[in-house]
Amino acid sequence: MTGLGVSHEDTPPHRAVALVNLGAIERNCRRLGRELGGGSVLCAVVKADGYGHGAKVAARAALEGGAGWLAVAAASEATELRLEFPETRILVMGALATGGRSADDVENALGARCDIAVWRPEFLAHVAELGETTLLKPRVHVKYDTGMGRLGERDPEVVRDLVRVASEDERVELAGVWTHFATADEPDSEFFDEQLGRFRELALPLKEEHPELMLHAANSAATLRDPASHLDMVRCGIAIYGLDPFQEDPAERELEPALELRSYVAAVKRFREGDSAGYGRAWRAPRDTWVGVLPIGYGDGVRRGLSNDADVLVGGRRYPLVGTVSMDNITVDLGPETEVEPGAVAVLIGAQGAQQVLAEEVARRLDTINYEVTTGILPRVNRVAVNETRFDEGA
Ligand SMILES: *Cc1c(COP(=O)(O)O)cnc(C)c1O
């Protein structure tokens, strides 16, 4: 049994709240750290507001759990984090625009003393010039596209050239060489092995030449599937939040979901057979029943695609979401006899009693991945950081 346990049953009901268990993030990081066996550093990926969990609290918990670095996608995310973590290494993994009207992305990232990605000679030259004028020595990670087909340089000769130029230029510091996998989450993927082979072939000799160079390639899935991908650093996002990169039950890989999405039963009403709930009358009571109304909807990130296709936990039992998901409300069928009263806590993602609804389950119903489920929780949902020990049944 994983999740936040039951101790929040006593707190007054919230319209829509995401409880973020910092203890779980910390333990997930420790667990990943054990996987690394001390030979590689854990970089906690907290882009997109920490996959919806809150970037700052997630980062703090991850560092507490042994992460040594943080990574984000955008310069704006990096500058926010820098205010909170003055000393931590932060890698901005994404493309940085130059020549904007105000200070551009690359100036902001460097101003925040972040490490940045480079893969074009012109961009490296620009960064070096900025290093000269600002007297900051930009730390650059040369990105090799081994098959992802997005950012990075494809030609290994050009990558080697970039590494040489960066190492010889006094105005920049060559910090890393890195890549990213396209199919690490597909257990039988041979393409994963190809990408890793390509990367190791290029990067290991470079490391001989430049011993201080950091080689990094692995995301969560790669970290869990292949120690040969660990190298000097792993960049883990999804797993630190206790979500399974392979879309199975996170418990099977000893990961503990850190987020619980809750609402409460604001009204309980009697439905006669044939009465309908919500827009378009997309559900009609097949028999006399009780319907609970929960004040949470797609304006909070509960996707409309879950209309007539989700389960919600109330009082430790699963009830079907019925009718159309509205912007601000959903309805659940509580059955012909119910003891559920207005004010009861409802769990949309998380555990209650012996039942749990995983983000992976919600993702499956929506034909998407757990990443999009938690990242899609909208700002109207209050994030509340809690720190809970693991809930053990019978403890
Ligand atoms: C998001 C991201 C990661 C983290 O991936 P997870 O699958 O969440 O572990 C690592 N590297 C890069 C380049 C990324 O964009």
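Predicted model, so just to flag it, every value in this text is computed and none were measured.

1. Thoughts on a negative patch on the surface
Among the surface-exposed residues, Asp185, Glu186, Asp188, Glu190 and Asp193 lie close enough to one another that they form a single negatively charged patch. Among the secondary structure elements, Glu190 is positioned in helix 8 (residues 190–209). Exposure remark for Glu190: the relative accessible area of 63% places this residue in the exposed category.

2. Some words on the domain arrangement of the chain
Partitioning the chain into domains gives domain 1 (22–243) and domain 2 (259–386). With nine residues of domain 1 at the interface, the matching set in domain 2 holds ten residues. Regarding the contact of domain 1 and domain 2, the summed buried area is about 860 Å², with carbon and sulfur atoms giving 61% of it. Considering only the side of domain 1, the residues that lose the most area to domain 2 are Tyr51, Gly52 and Leu243, jointly responsible for 48% of the buried surface there. On inspection of domain 1 and its partner domain 2, the count reaches zero salt bridges. Where the side of domain 1 that touches domain 2 is concerned, the elements lending two or more residues are helix 1 (22–36) and helix 2 (47–51).

3. With respect to the confidence of the model for the chain
Scored by pLDDT, the chain comes out at a mean of 94, with 95% of its residues at no less than 70. Note that pLDDT drops below 50 for residues 1–8; the model gives that stretch 34 contacts with residues more than four away or on any other chain. Per-residue pLDDT stays below 50 along residues 391–395; that stretch engages in six contacts with residues further than four places along the chain or on separate chains.

Criteria and cut-off values
Residues numbered from 1 in each chain as written. Predicted model: local features only at pLDDT ≥ 70, side-chain atom pairs only at ≥ 80, totals over all residues. Heavy atoms only, no water. Patch = residues over 30% accessible without salt bridge, like charges linked within 9 Å, V, L, I, M, F, W, Y side chains within 5 Å. Areas by Shrake-Rupley, 256 points an atom, 1.4 Å probe, with all protein chains shown as cover. Salt bridge = Lys/Arg side-chain N within 4 Å of Asp/Glu carboxyl O. Lys, Arg positive; Asp, Glu negative; His and termini not counted. Charge placed at Lys NZ, Arg CZ, Asp CG, Glu CD. Helix = DSSP H or I, 4+ residues; strand = E, 2+ residues; numbered from the N terminus. Buried < 20%, exposed > 50% of the residue type's maximum accessible area, 1.4 Å probe, protein only. Domains from an automatic or database assignment. Contact = heavy atoms within 4.5 Å. Buried area = accessible area lost by both parts, 1.4 Å probe. pLDDT = per-residue confidence, 0-100.

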